[in-house]
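What follows is each chain in one-letter form.
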Amino acid sequence: MSGYQLGENVSLAGRNTFRIPARAEILADVKNSDALAELFDFAMLRSGPVMVLGEGSNILFAADVPGVVICLTMSEINIIRDEGDVALVRADAGVNWNDFIGWTLGRGLLGLENMSLIPGTVGACPIQNIGAYGVEAGEFIETVEVFDRQSQRMKRIGKAECEFAYRDSLFKQDLNRYVICAVEFLLPRHRELKLDYAGVREELSGMGIENPRAVHVAEAISRIRTRKLPNPAILGNAGSFFKNPIIPAAQAEQLKSQYDQLPSYPGDSDDTRKISAAWLIENAGWKGFRDGDAGIAEQHALVLVNYGNATGQQLLGLARRVAKSVYEKFGVHIEPEPRIIGASFFE
Ligand SMILES: Cc1cc2nc3c(=O)[nH]c(=O)nc-3n(C[C@H](O)[C@H](O)[C@H](O)COP(=O)(O)OP(=O)(O)OC[C@H]3O[C@@H](n4cnc5c(N)ncnc54)[C@H](O)[C@@H]3O)c2cc1C
């Protein structure tokens, strides 16, 4: 029996959080990684493109998708080595990320709690090295199991080769090469909690928790996120649409001298600074803007929203207008975080 199931001309409306009704020419639900070689042969014979789709929470469909869209449905989680203080946990690509965090915390394994309620799958977490509240997935990833389309074989890629950086990795740099089938995480049983980020302590004390444990942190962060970000089940969105730009330190200082409220953080080297894209967009006047069904969220200037029937092209058009006006006002280029399918952000 084949390890995948094919559908033709399938709507992706329920498979992306912007809820864009793009269609996949062929949708393949894949039940095990052994099926991938055969599936790529099938795609090659049709000479069409292939893309992998997780839960579609970091994708903007600006057009229908030709060729084959792969969805991995494998969803096992196992402890593969337990050394007491730390354990090595393997999760299949199809596992929901937040469910995975719950699974680890339920077994006393720590570290992922600050990334609670980030939508999406385990398979997508290495792609942009997801992160929130001062923690990134790459800190805990030991190995990524991939199907390498170049060699047509399964391969294990160790942490050092993954090139994790701010919203970036080896996998993001070459989106058409690797299908991530499973991820191994090394998780400690003892670890100082990270509470010094955007209102976490205040939330915990509001919950009446004096000596928090990791589960309390997960709960506090889930509460903050639920308040701050529009729920994609109600209002289509892909979370932060723009990355925080990393700019030369001298330019950041010059901007700070003009706008002393502009938040800035260390960059990726001594000569650079990361500045807040949300602040730039809000101060260019876009927060709460709406044009038809495409808009910028009222709660958060970084979040592009679909009020109902916006097309991918309309959302993309609005995003380009925002980026252009930020550049005109502040001289800073902002770039999208989600993958855009069927168009390029830069015209
Ligand atoms: C409300 C909201 C809040 C968010 N908050 C955050 C946040 O705080 N921090 C953060 O980092 N992100 C955040 N995101 C973005 C998103 O949740 C993450 O990027 C997530 O990892 C995407 O997972 P996914 O399964 O939906 O991937 P998709 O959106 O389906 O895919 C994303 C990319 O990964 C590729 N891909 C997916 N699975 C695989 C695989 N198995 N193998 C190879 N390639 C694959 C896709 O081709 C695509 O390029 C948020 C999104 C939303 C909607």
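Residues numbered from 1 in each chain as written. Predicted model: local features only at pLDDT ≥ 70, side-chain atom pairs only at ≥ 80, totals over all residues. Heavy atoms only, no water.

Participant: Talk me through the pairing of strand β7 (residues 86-92); I want residue IDs and the actual numbers.
Facilitator: Burial of β7 is extensive: six of the seven residues sit out of reach of the surface. Here strand β6 (residues 77-82) pairs with β7 via five bridges, running antiparallel. Its bridge partner lying in β7, Ile-79 is registered against Val-89. As paired elements, β7 and strand β12 (residues 178-188) share seven bridges and run antiparallel to each other. By the bridge assignment for β12, Leu-88 is matched with Leu-186. (Buried < 20%, exposed > 50% of the residue type's maximum accessible area, 1.4 Å probe, protein only. Helix = DSSP H or I, 4+ residues; strand = E, 2+ residues; numbered from the N terminus. Pairing = 2+ DSSP bridges.)

Participant: Tell me what's going on with the domain arrangement of the protein, and back it up with residues and numbers.
Facilitator: The domain boundaries assigned to the protein delineate domain 1 (4-72), domain 2 (77-188) and domain 3 (236-341). Between domain 1 and domain 2, the C-alpha centre-to-centre distance is 22 Å. Taken together, the 12 residues of domain 1 in the interface contact 15 residues of domain 2. Between domain 1 and domain 2 the total buried area reaches about 1,100 Å² when both faces are included, carbon and sulfur atoms providing 62% of it. (Domains from an automatic or database assignment. Contact = heavy atoms within 4.5 Å. Buried area = accessible area lost by both parts, 1.4 Å probe.)

Participant: Describe the sheet that holds strand β16 (residues 272-275), listing the residues and the values that go with them.
Facilitator: Reading across from one edge, β14-β16-β15 is the order of the three strands in this open sheet, with antiparallel pairing throughout. Each end of this open sheet is capped by a strand with a single partner; those strands are β14 (246-248) and β15 (264-266). Between one strand axis and the next, the sheet turns through 45° on average, direction left out of account. Here β14 pairs with β16 via three bridges, running antiparallel. Counted as the bridge partner of Pro-248 is Thr-272 from β16. (Axes fitted to C-alpha atoms, helices over the stretch in contact; angles between N-to-C directions.)

Participant: Lay out the environment of Pro-212 in plain terms, naming residues and giving numbers.
Facilitator: Tracing the backbone through its elements, the reader meets Pro-212 in the loop between α4 (200-206) and α5 (214-228). Each C-alpha atom, one on Pro-212 and one on Leu-195, is 9.6 Å from the other, the two residues being 17 residues apart in sequence. Those residues in contact with Pro-212, other than ones at most four positions away along the chain, are Leu-193, Leu-195 and Leu-204.

Participant: Residue-level account of the site of the ligand, with values.
Facilitator: Contacts to the ligand come from 34 residues, most closely from Val-52, Gly-54, Ser-57, Asn-58 and Thr-121. At 2.7 Å from an oxygen atom of the ligand is found a main-chain nitrogen or oxygen belonging to Asn-58. Within the side chain of Thr-121, an N or O atom sits 2.7 Å from an oxygen atom of the ligand. Within the complex, the protein chains bury 95% of what would otherwise be the 980 Å² of accessible surface of the ligand. (Near = heavy atom within 4 Å. Polar contact = N/O pair within 3.5 Å; in protein donor to acceptor, adjacent residues only side chain to side chain. Areas by Shrake-Rupley, 256 points an atom, 1.4 Å probe, with all protein chains shown as cover.)

Participant: I'd like to hear about the nonpolar core, residue by residue, with values.
Facilitator: Core analysis: the largest hydrophobic core is formed by 48 residues, its most contacted members being Phe-61, Phe-242, Leu-280, Ile-281, Val-322 and Ile-334. Residue assignment for this core shows that the elements contributing at least two residues are β2 (23-30), β4 (59-61), β5 (65-72), α6 (249-258), α7 (277-283), β18 (294-296), α8 (312-330) and β20 (339-341). Here this core gets eight residues from one element, more than from any other, and that element is α8. Counting only domains with at least three residues in this core, you end up with domain 1 (4-72) and domain 3 (236-341). Once residues lying within four places of it in the same chain are set aside, the contact partners of Phe-61 are Leu-12, Asn-16, Ile-20, Ala-22, Met-51, Leu-53, Gly-312 and Ile-341. (Core = buried A, V, L, I, M, F, W, Y, C linked by side-chain atoms within 4.5 Å.)

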